[in-house]
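Chain residues, written in single-letter form:
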Amino acid sequence: MFTFRGSGRHSRWSPVCCYHIGLLRVNFFYIVSFHPQTTSTRYFRMTFVLRKLFHVVPSFSQYHLTWNWRRSFIQHLSCVCSRNNSCVPSPDNPPEDCKCNSGMNHQEFSRWSNGGGVFHQSTCIHPTALIEVGATVHSKVVLGPNVRVGSGSVIGPAVTVGHSTKIGYNVSLSNCCIGDSCVIHNGVCVGQDGFGFFVDGLGNMVKKPQMLHARIGNHVEIGANTCIDRGSWRDTVIGDHSKLDNLVQIGHNVIIGTNCMLCGQVGIAGSATIGDYVTLGGRVAVRDRVSIASKVRLAANCCVTKDIKEPGDYGGFPAVPIHEWRRQVAGCCRNSKKRSS
């Protein structure tokens, strides 16, 4: 099977060469046919295997393999795209009819020269944008100058990203608009449906329509694994210069003002409104449909259950002015000491 046309001292391969090439061939077919991985990963693995093959037999590229091996090579290479019900152009399956189950034509995607990511032909991408290998940019997306999209990130249809914005690895953006000079860390999800349901006449839980968008202002930083839901009756908004820590949950229809700071594990329920220059300590919870005035600071682990209309410091569960909360804590400590004595 591993015969070729040649002459001289290369007219026959040694048993060691045949053994290594056999292993490489099996490994190569395993990679392109069965191994669960992305197309970009398969590309690098295939490149590695071929380089190893040329290393084992330096003159390999000068000769021709038999037709049976080349035909089986082409058949196995077609398996790279045929996995998971995707399509491969062939005489029986021409490119114009090559569509996946979702109706998307894969022939409309191309590889971006600056970074090697994949983008749709209908996108508007500035030439200075960097799309790393493994990233996917869908239809009608607009990427401004000096935008960087990390590997594994997916930018959904009709998303707009302003200039100089950095998008980390494995980020998901959909139904949203990102401002200028933003930093979006790894694993962030923006624009997915919010958590909204109602009980119908039969007593079943039915999902409320989530049809609007999320709008992220300029100079916003969003920490790793933060989730921002899109709106149902109004857009979800994050104001300019606001900073969100890791693992923050922003519900649908939430409006956050400018220059706000949200520490780790903050959770804001749907339709809440937060003013400007608001600071939320770690694990602060904000109830749905609550309004918080500007220049409010909330201590860690407190819970906002009603509107806060005056600027100042608050803490406790439910949140009260910080001096009142401290008196409550001091009173609890004195009572506990009296009971113990």
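Reading the values: the criteria
- Residues numbered from 1 in each chain as written.
- Predicted model: local features only at pLDDT ≥ 70, side-chain atom pairs only at ≥ 80, totals over all residues.
- Heavy atoms only, no water.
- Salt bridge = Lys/Arg side-chain N within 4 Å of Asp/Glu carboxyl O.
- Helix = DSSP H or I, 4+ residues; strand = E, 2+ residues; numbered from the N terminus.
- Buried < 20%, exposed > 50% of the residue type's maximum accessible area, 1.4 Å probe, protein only.
- Contact = heavy atoms within 4.5 Å.
- Core = buried A, V, L, I, M, F, W, Y, C linked by side-chain atoms within 4.5 Å.

Chemist: Which parts of the structure should I look at to understand the pattern of salt bridges?
Modeler: One side chain can pair with another of opposite charge once the charged atoms of both are near each other. Counted under the stated rule, the structure contains six salt bridges. For the salt bridge of Lys207 with Asp193, the shortest nitrogen-to-oxygen distance reads 3.9 Å. Note that Lys207 is positioned in strand S16 (residues 205–207) and Asp193 in the loop between strand S14 (189–192) and strand S15 (197–199), a separation of 14 residues in sequence. For Asp193, a relative accessible area of 35% translates into the label partly exposed. In this structure, the salt-bridge partner of Asp193 is Arg230, at a minimum N-O distance of 3.0 Å. With Asp193 in the loop between S14 and S15 and Arg230 in the loop between strand S19 (227–229) and strand S20 (236–238), this pair connects stretches of sequence that are 37 residues apart. The buried category is assigned to Arg230, whose relative accessible area is 13%. Salt bridges linked by common partners bring Asp193, Lys207 and Arg230 together as one network.

Chemist: Sorry if this is basic, but what is going on with the environment of Phe197 here?
Modeler: Within the element layout of this structure, Phe197 appears in strand S15. Along the primary structure Phe197 and Lys207 are separated by 10 residues, whereas in three dimensions their C-alpha atoms are 4.4 Å apart.

Chemist: Would you take a moment to explain the side chain of Ser271 for this structure?
Modeler: The residue Ser271 is located in the loop between strand S25 (267–268) and strand S26 (273–274) in this model. Setting aside chain neighbours within four positions, we find Ser271 in contact with Trp233, Arg234, His252, Asn253, Val254, Arg289 and Val290.

Chemist: Please clarify how the nonpolar core should be interpreted in this entry.
Modeler: What tends to happen in soluble globular proteins is that the nonpolar side chains get buried as a cluster. Of all hydrophobic cores here, the largest spans 54 residues; its most connected members are Leu173, Ile268 and Leu298. Elements represented by at least two residues in this core include exactly strand S12 (176–178), strand S17 (214–216) and strand S30 (296–298). Setting aside chain neighbours within four positions, we find Ile268 in contact with Gln249, Ile250, Gly251, Val254, Ile256, Leu262, Ile274, Leu280 and Val286.

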